[in-house]
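# Reading the structure
Okay, here's what each chain looks like letter by letter:
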Amino acid sequence: RIAAPVIAIDGPSASGKGTVAQRVAETLGFHFLDSGALYRLTALAALRAGVALDDETGVAAVAATLPAEFPGDRILLAGDDVTEAIRAEEIGVGASKVAALPAVRTALLERQRAYRRLPGLVADGRDMGSVVFPEAPVKVFLTASAEARAERRHKQLIGKGMPANMRPLLQDILQELRERDARDAARSVAPLKQEEDAELVDTTPLGIDEAVAAVLDIVRRKLPQVVS
Ligand code: CDP
Ligand code: CDP
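Remember, predicted model here, so these are calculated numbers, not experimental data. (Residues numbered from 1 in each chain as written. Chains lettered and ligands numbered in written order. Predicted model: local features only at pLDDT ≥ 70, side-chain atom pairs only at ≥ 80, totals over all residues. Heavy atoms only, no water.)

## Observations regarding the packing of helix 2 (residues 35–48) against helix 4 (residues 89–98)
It is the contact of helix 2 with helix 4, at a shortest axis distance of 8 Å, that shows an interaxial angle of 95°. Between helix 2 and helix 4, the angle is such that the two are roughly perpendicular. Of the residues in helix 4, those touching helix 2 at Tyr39, Arg40, Thr42, Ala43, Leu44 and Leu47 are Ile91, Gly92, Gly94, Ala95 and Val98. Broken down by class, the residue content of the contact of helix 2 with helix 4 amounts to seven nonpolar, three polar and one charged. (Axes fitted to C-alpha atoms, helices over the stretch in contact; angles between N-to-C directions. Helix = DSSP H or I, 4+ residues; strand = E, 2+ residues; numbered from the N terminus. Parallel < 35°, antiparallel > 145°, perpendicular 65-115°, else oblique. Contact = heavy atoms within 4.5 Å. Nonpolar A, V, L, I, M, F, W, Y, C, P; charged D, E, K, R; others polar.)

## Side note on the nonpolar core
A general trend in soluble globular proteins is that nonpolar side chains are found buried together. Among the nonpolar cores identified, the biggest contains 38 residues, and Leu33, Leu41, Leu66, Ile86, Val104 and Phe133 are the most heavily contacted of them. Secondary-structure elements contributing two or more residues to this core are strand 1 (6–10), helix 2, helix 3 (56–64), helix 4, helix 5 (102–113), strand 6 (121–125) and helix 6 (128–132). Counting residues per element, this core draws most heavily on helix 2, which supplies eight residues. Setting aside its immediate chain neighbours within four residues, Leu66 contacts Leu38, Leu41, Thr42, Ala45, Leu77 and Arg111. Within the second largest apolar cluster, 21 residues are counted, among which are Val20, Ala25, Ala211 and Val215. (Core = buried A, V, L, I, M, F, W, Y, C linked by side-chain atoms within 4.5 Å. Buried < 20%, exposed > 50% of the residue type's maximum accessible area, 1.4 Å probe, protein only.)

## Re the environment of Val6
Looking at the secondary structure, you find Val6 in strand 1. The class for Val6 is buried, based on a relative accessible area of 0%. Taking the C-alpha atoms as reference points, Val6 and Val131, separated by 125 residues in sequence, lie 13 Å from one another. In this structure Val6 touches Arg116, Leu121, Phe133, Ala136, Pro137 and Val138, once residues within four positions along its chain are discounted.

## Considering the pairing of strand 6
Counting buried positions along strand 6 yields five of five residues, so the element is predominantly enclosed. Two strands pair when backbone bridges link them, and strand 2 (residues 31–34) and strand 6 are joined in this way by four bridges, in the parallel orientation. Each bridged residue has a counterpart across the sheet, and for Leu33 the counterpart in strand 6 is Ala123. (Pairing = 2+ DSSP bridges.)

## Details of the pattern of salt bridges
According to the stated counting rule, one finds 18 salt bridges in the structure shown. A salt bridge links Asp184 to Arg126; the shortest N-O distance between them is 3.4 Å. One end of the pair, Asp184, is in helix 8 (residues 170–186); the other, Arg126, is in the loop between strand 6 and helix 6, and 58 residues separate them in sequence. What makes Asp184 buried here is its relative accessible area of 3%. A salt bridge links Asp197 to Lys139; its shortest N-O distance comes to 2.9 Å. Of this pair, Asp197 sits in the loop between helix 8 and strand 8 (199–202) while Lys139 is found in strand 7 (residues 138–143), placing the two residues 58 residues apart along the sequence. With relative accessibility at 6%, the residue Lys139 sits in the buried group. (Salt bridge = Lys/Arg side-chain N within 4 Å of Asp/Glu carboxyl O.)

## Quick notes on the site of ligand 2
Close to ligand 2 lie 19 residues; Ser13, Lys17, Arg40, Arg180 and Asp184 are nearest. Lys17 is positioned such that a nitrogen or oxygen atom in its side chain is 2.7 Å from an oxygen atom of ligand 2. In the environment of ligand 2, a nitrogen atom lies 2.9 Å from a nitrogen or oxygen atom belonging to the side chain of Ser35. For ligand 2, whose accessible area on its own is 520 Å², the fraction buried by protein is 96%. Within the residue set of the shell around ligand 2, elements represented by two or more residues are helix 2, helix 4 and helix 8. When its residues are assigned to classes, the shell around ligand 2 shows five nonpolar, five polar and nine charged. (Near = heavy atom within 4 Å. Polar contact = N/O pair within 3.5 Å; in protein donor to acceptor, adjacent residues only side chain to side chain. Areas by Shrake-Rupley, 256 points an atom, 1.4 Å probe, with all protein chains shown as cover.)

By themselves, these observations are geometric and do not establish any function.
Shown next, in the form of structure tokens:
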């Protein structure tokens, strides 16, 4: 039996992981796993169920029975379309809190591994190359300066049509991003860090097309049989 190859893309918030991973998956015809969405869904489901985000047993039970579905490009929680709702920065912060609880990570582990199917998988998150798919033949650590990442999030809010008087200041986005990165890097389980066998791609000076090309170059080198 041939094991499906995994391309693991990890990195901090707004480094471009999701966008780049999705594009690489489309290019190769591979499956795609947005592992952060599972942590975001867990945080949202816990909040909706009135479970405190520091109640490890309670949140792990929510994660283990998460009624999530992914039809097309939508994300449903108990049938409710939460595609946009889970992208709120407060849900990102909640995700980062529940993600620090070991029992929650364990509860989501098999669900993530089930995405590994032929012809292959592109997975993005924080621990794709370290914990979930440690044997992945391609590991990328995608990053960018905190300032560039804050600019991207700010632009995204403008792009979504958020009125100026409701939009957080760039400096507040930067501060929140730094706090979330620090929590993700400081936790005892699956901390955010570049693995020794992961290739660094710094997207600070790169546009999306260039970042996708940089990752595809690495794939071509490591998995010559899958890219022409
Ligand atoms: O998944 P992650 O939080 O790492 O980032 P993302 O949501 O894919 O990207 C955040 C924003 O940065 C998106 O609006 C991307 O279009 C943008 N981006 C960019 O401007 N330049 C890049 N090289 C990569 C992403
Ligand atoms: O898009 P962005 O990078 O801002 O966030 P995300 O990838 O959706 O992840 C949200 C939060 O979930 C992160 O801040 C991490 O704390 C957590 N996470 C994780 O611990 N492990 C993963 N594999 C993916 C996300």
